[in-house]
There are 2 protein chains.
Amino acid sequence: MECPRVRLTTKSNNGKRSSASASAPALGQRATRQRKLIYDILRSTEDHLDAESLYRKARDIDSRVSLSTVYRTIALLKESDLVDELVFEDDRRCYEFRKEVGHHHIRCLSCGEIIEFECDCLEKMRARLKQELGFEVEALKIDISGYCRKCSASR
Amino acid sequence: MECPRVRLTTKSNNGKRSSASASAPALGQRATRQRKLIYDILRSTEDHLDAESLYRKARDIDSRVSLSTVYRTIALLKESDLVDELVFEDDRRCYEFRKEVGHHHIRCLSCGEIIEFECDCLEKMRARLKQELGFEVEALKIDISGYCRKCSASR
DNA sequence: TTTACTGCAAAGTGTTTGCAGCGAT
DNA sequence: ATCGCTGCAAACACTTTGCAGTAAA
C-alpha cells in the first residue's frame, strides 16, 4: 500500500525573507511599488497569510498600500498562478506562493498551525477520474482540519 | 494499485421526495414547522442546495419561513452531523443530507453538475497522518473542479 | 504624455444577531 | 404558561467597485 504515503513537504525557503528582491513578476501591465511589495512578502514568507495580515505586513513596510490594492493584487497573482488560495473549514482564506503541485495542507484546530504534506494518491485519483468518469480535473484541493500531535496530547 | 479507485456513489434515494414525512429529527429542542420543512427538503432532494435556494424551495411550500431561520437550521443540522456543507472553489456553499463517510464531490465548471464518488485512499491517508505525524483528523474534505465528460468533449 | 494603477469611501455579498412577538411543549 | 424559536431589520465581516488623482511606461 504505497499510495497514501504522507510526507512532509520540504520547506522551500528557510530564511525569513530572501535577500535579493528579485525581478518583478509578470503581474499584469505595470510593476508598481505596491505590487512588488505584496509579491515579495508572499514569495518570501513561510506563513500562510490572509488578506488582512498581508495588508498589515505590507503597510508596516510601506504605508502607501491599501487593502483594496492587496485584494486586487491577490486576484492578479491568482490569475497568473503565482499564488494559491487556501480556503479552510472556518472560511479563513490564506494565500501562499505557488509551490510544487500535489502538496496539501492540514490545519490544527487548536493552535492554528498549518502543516504541509504531499500525497501522491491524489494525483492518482485525478488519473482515475479521467479514466473512469471522463472527468477532466482542473482544480483539486483537499482541506484537512484536526489536532496536531502536541494539541491532541494536551486534550 | 487498489487505493485510488474511483467509484460512483450509489444514489441513496431515487424518488423526488420520499413520501412519508418521517419522524422529526433531534434538531435541538423543538421540532417546529420550519425546521421540519427545511429538514425534509434537504433529506429528500438529490440536489446540493445553497442557503438561498433552500430558502426559496422552503418558501414555495410554506411562505412562513425566513432566510435567517434557514441559516439557523442549517447550523443546527451541521452541528448534529445531519447535513454536510460543501465549499467549492468559487465560494458557493451547498448542503446535503449526510451520507456514508468517504464520499466526495467533483463539480463541473461548465455545466455545474455535481458528481459524487468514493475513494478509500482518503481514509487511508487519514490513518497515515495519524501514524506518521500524530495528526488527529477531524474533518477531511476534498474539492475537485473540472469538466465532466460531456463538457470536456464540447470544448 | 498616456493610461494603468491606486487610495478612499461607498456599495455589495452572504451570513449572523437583537429583539419583540409567536407557538411547541 | 413557559421559554425556545421565529421574522424582521439591522449589523456584520469580508470583498469589490467607482472615481478622481497618481505614477509607471
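For the structure, check the block above.
Residues numbered from 1 in each chain as written. Chains lettered and ligands numbered in written order. Predicted model: local features only at pLDDT ≥ 70, side-chain atom pairs only at ≥ 80, totals over all residues. Heavy atoms only, no water.

**Some points on the pairing of strand S5 (residues 114–118) of chain A**
All names here are of chain A. The element S5 is largely enclosed, with a buried count of 5 among its 5 residues. Here S5 shows no split at all, with Ile114, Glu116 and Glu118 on one side and Ile115 and Phe117 on the other all buried. In the sheet, strand S4 (residues 103–108) pairs with S5 via 5 bridges, with the strands oriented antiparallel. What sits directly across from His103, in S5, is Glu118. Linkage of S4 to S5, two consecutive antiparallel strands, is achieved through a turn of 5 residues, within which Gly112 is found at a positive phi near 80 degrees. (Buried < 20%, exposed > 50% of the residue type's maximum accessible area, 1.4 Å probe, protein only. Helix = DSSP H or I, 4+ residues; strand = E, 2+ residues; numbered from the N terminus. Pairing = 2+ DSSP bridges.)

**Description of the side chain of Asp62(B)**
All names here are of chain B. Within the secondary structure, Asp62 is located in the loop between helix H2 (51–61) and helix H3 (67–79). Asp62 sits in the buried class, given a relative accessible area of 14%. Of note is the side chain of Asp62, whose polar atom sits 3.1 Å from the side chain of Arg33. (Polar contact = N/O pair within 3.5 Å; in protein donor to acceptor, adjacent residues only side chain to side chain.)

**Re the relation of the copies chain A and chain B**
Of the transformation superimposing chain A on chain B, the axial component is 0.1 Å and the angular component is 180 degrees, with the fit at an RMSD of 0.2 Å. Given the turn and translation reported, the copies of this chain are related as if by a two-fold rotation axis. Across chain A, the smallest distance between a C-alpha and the rotation axis is recorded for Ile142(A), namely 2.1 Å. (Least-squares fit on C-alpha atoms with pLDDT ≥ 70 in both.)

**Here we look at the protein's contact with DNA strand D**
The environment of DNA strand D is formed by 18 residues, the closest being Tyr71(A), Arg64(B), Val65(B), Ser66(B) and Thr69(B). Separating a base nitrogen of DNA strand D from a side-chain N or O atom of Arg30(A) is a distance of 3.2 Å. At 3.4 Å, a backbone N or O of Ala31(A) approaches a phosphate oxygen of DNA strand D. Taken together, the residues of the surface near DNA strand D break down into 4 nonpolar, 7 polar and 7 charged. (Near = heavy atom within 4 Å. Nonpolar A, V, L, I, M, F, W, Y, C, P; charged D, E, K, R; others polar.)

**Quick notes on the state of the cysteines**
Within this structure, the stated rule accounts for 0 disulfides over all chains. The structure places no disulfide on Cys148(A), whose sulfur is separated from the nearest cysteine sulfur, that of Cys151(A), by 3.7 Å. Cysteine Cys151(B) remains unbridged, with the sulfur of Cys108(B) as its closest cysteine sulfur at 3.7 Å. (Disulfide = S-S within 2.5 Å.)

**Quick word on the pairing of strand S6 (residues 136–147) of chain A**
The buried fraction of S6(A) is high, at 10 of 12 residues. The pairing of S4(A) with S6(A) spans 4 bridges and is classified as parallel. Within S6(A), the residue paired with Ile106(A) across the bridge is Ile144(A). As judged from the 11 bridges shared by S6(A) and strand S6 (residues 136–147) of chain B, these two strands associate in the antiparallel manner. If you follow Asp143(A) over to S6(B), its bridge partner there is Lys141(B).

**Here's the deal with the packing of aromatic side chains**
Residues and elements named next belong to chain A. For the structure on display, the rule yields 2 aromatic pairs over all chains. Considering the side-chain rings of Tyr39 and Phe97, the 5.8 Å spacing of their centres and the 70 degrees angle between planes classify their relative orientation as edge-to-face. Residue Tyr39 is found in helix H1 (residues 33–44), and its partner Phe97 is found in strand S3 (residues 93–97); the two are separated by 58 residues along the sequence. Residue class for Tyr39 comes out buried when judged on its relative accessible area of 10%. (Phe/Tyr/Trp six-rings, centres within 6.5 Å; stacked < 30°, edge-to-face > 60°.)

**Thoughts on the packing of helix H1 (residues 33–44) of chain B against H2(B)**
Residue and element names in this part refer to chain B. One way to put it is that H1 packs onto H2 with a least axis distance of 10 Å and a crossing angle of 120 degrees. At the point where H1 passes H2, the crossing takes the right-handed sense. Contacts from Leu37, Ile38, Ile41 and Leu42 of H1 reach H2 at Leu54, Lys57, Ala58 and Ile61. Per-class residue counts for the contact of H1 with H2 are 7 nonpolar, no polar and 1 charged. (Axes fitted to C-alpha atoms, helices over the stretch in contact; angles between N-to-C directions. Left-handed = near helix turned anticlockwise from the far one by under 90°. Contact = heavy atoms within 4.5 Å.)

**Focus on the pattern of salt bridges**
It is possible for side chains bearing opposite charge to pair when their charged atoms get close. For the structure on display, the rule yields 20 salt bridges over all chains. Note that Asp81(A) and Arg98(A) form a salt bridge whose closest N and O atoms lie 3.5 Å from each other. Highlighted residues: Asp81(A) in the loop between helix H3 (67–79) and strand S2 (83–87) and Arg98(A) in the loop between S3 and S4, separated in sequence by 17 residues. Look at Asp81(A) and you get partly exposed, because its relative accessible area is 45%. With its nearest N and O atoms 3.5 Å apart, the salt bridge here joins Arg56(B) to Glu52(B). Of this pair, Arg56(B) and Glu52(B) both sit in helix H2, 4 residues apart, which is roughly one turn of the helix. Overall, the relative accessible area of 40% leaves Arg56(B) in the partly exposed class. Each member of the salt-bridge network shares a partner with another, and the members are Arg33(A), Asp62(A) and Arg64(A). (Salt bridge = Lys/Arg side-chain N within 4 Å of Asp/Glu carboxyl O.)

**Some details on the nonpolar core**
One finds Phe135(A), Ile144(A), Phe135(B) and Ile144(B) to be the most contacted residues of the largest nonpolar core, which totals 36 residues. When neighbours within four sequence positions are excluded, Ile144(B) is seen to be in contact with Met125(A), Leu129(A), Phe135(A), Val137(A), Ala139(A), Leu140(A), His105(B), Ile106(B), Arg107(B) and Phe117(B). (Core = buried A, V, L, I, M, F, W, Y, C linked by side-chain atoms within 4.5 Å.)

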